[in-house]
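# Residue-level structure breakdown
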Amino acid sequence: ILAGPSGSGKSHLGARLGWTVLRLDDFYRDADEPGLPRSSLGIVDWDDPRSWNASAAVDAIQALCNEGVAEVPMYHISASARTGTHTLRRTGTCFIAEGLFAPAIVDACREAGMLDAAICLRRNRIVTFGLRLARDLREGRKPPWVLLRRGWRLLKDEPRLVAEAIAQGC
């Protein structure tokens, strides 16, 4: 399991290693799902674990561990919705499950015997802020004003996020 703040390099590291990568961000809930948490920005709070389907993510990890294949959602961040599914096949014996909410499933994966290691990546907060903002603007994830305000909030919240990941076993 590879955890860390948004923009810390989790996806980049997974791609560089050449391992199969399960993108845990694909397990976000659709924005129109009732009862999603709201942020002070007046939008769905995508940084709240309740905006994410942890049990479906654990099920996909279990399928990859046991069968070497899992049907996983494709999530479009700018649309805040799933746009379909795809089949993910494990190549080799190891794979990475990476995402912001990865720490939330460390215990479940460990108890099920599906965890080799849980790691939390981090960089200097200013670097992470800049890389995250550049990526989010390039990909058109949300309107620029939302990305700036959310990014500033994430920059201030990053020490707490890293401390929680460590406390949850990363």
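### Points about the pairing of strand E2 (residues 20-23)
The two faces of E2 differ: Thr20 and Leu22 on one face are buried, but Val21 and Arg23 on the other face are not. Pairing between E2 and strand E5 (residues 95-98): four bridges, direction parallel. Paired with Thr20 across the strands is Phe95, a residue of E5.

### Things to note about helix H5 (residues 144-167)
For H5, built from 24 residues, the straight-helix expectation of 34 Å at 1.5 Å per residue is met to within 8% by its first-to-last C-alpha distance of 33 Å. Within H5, the axis deviates most sharply at Asp157, by approximately 55°, and proline Pro159 lies no more than four positions further along. Taken as a whole, H5 has its buried residues at Val146, Leu147, Arg150, Gly151, Leu154, Leu155, Glu158, Val162 and Ala165. Contact partners of the buried residues in H5: strand E6 (119-120) and helix H4 (125-139).

### Comments concerning the pattern of salt bridges
Summed over the entire model, instances satisfying the criterion amount to eleven salt bridges. For Arg82, the salt bridge identified is with Asp30, shortest N-O distance 3.4 Å. A residue pair is termed long-range when its members are at least 10 positions apart, and Arg82 in strand E4 (residues 81-89) and Asp30 in the loop between E2 and helix H2 (54-66) qualify at 52 residues. The shortest N-O distance in the salt bridge between Arg135 and Asp136 comes to 2.8 Å. A single burial state applies to Arg135 and to Asp136, both of which are buried. In this structure, a network of salt bridges that share partners links the residues Asp45, Asp47, Arg150 and Arg153.

### A word on the nonpolar core
Judged by nonpolar contacts, the single largest core of 36 residues is most densely connected at Ile1, Leu22, Leu24, Phe27, Ile61 and Ile105. Looking at this core, the elements with two or more residues in it are H2, strand E3 (69-76), E5, helix H3 (106-111) and H5. Residues contacting Ile61, with those up to four places away along its chain left out, are Leu22, Phe95, Ala97, Ile105, Cys109 and Met114.

### Quick look at empty space enclosed by the protein
Per the stated rule, a full pass over the model turns up two cavities of 30 Å³ or more. In this structure, the largest cavity encloses a volume near 40 Å³. Here the residues of the lining of the largest cavity are counted per class, giving four nonpolar, one polar and four charged. Its volume calculated, the second largest cavity comes out at about 30 Å³. In terms of lining, the second largest cavity is formed by Arg132, Leu133, Asp136, Leu147, Arg150 and Gly151. Of the residues that constitute the lining of the second largest cavity, the class distribution is two nonpolar, one polar and three charged.

Cut-offs applied
- Residues numbered from 1 in each chain as written.
- Predicted model: local features only at pLDDT ≥ 70, side-chain atom pairs only at ≥ 80, totals over all residues.
- Heavy atoms only, no water.
- Buried < 20%, exposed > 50% of the residue type's maximum accessible area, 1.4 Å probe, protein only.
- Helix = DSSP H or I, 4+ residues; strand = E, 2+ residues; numbered from the N terminus.
- Pairing = 2+ DSSP bridges.
- Expected span 1.5 Å × (residues − 1).
- Bend = angle between axes of the 7 residues up to and from the residue.
- Contact = heavy atoms within 4.5 Å.
- Salt bridge = Lys/Arg side-chain N within 4 Å of Asp/Glu carboxyl O.
- Core = buried A, V, L, I, M, F, W, Y, C linked by side-chain atoms within 4.5 Å.
- 1 Å grid on protein atoms, 1.4 Å probe; cavity = no way out; pocket = protein on both sides within 12 Å on 5 of 7 lines; lining within 4 Å.
- Points joined across faces, edges and corners; volume = space filled by probe spheres on them.
- Nonpolar A, V, L, I, M, F, W, Y, C, P; charged D, E, K, R; others polar.

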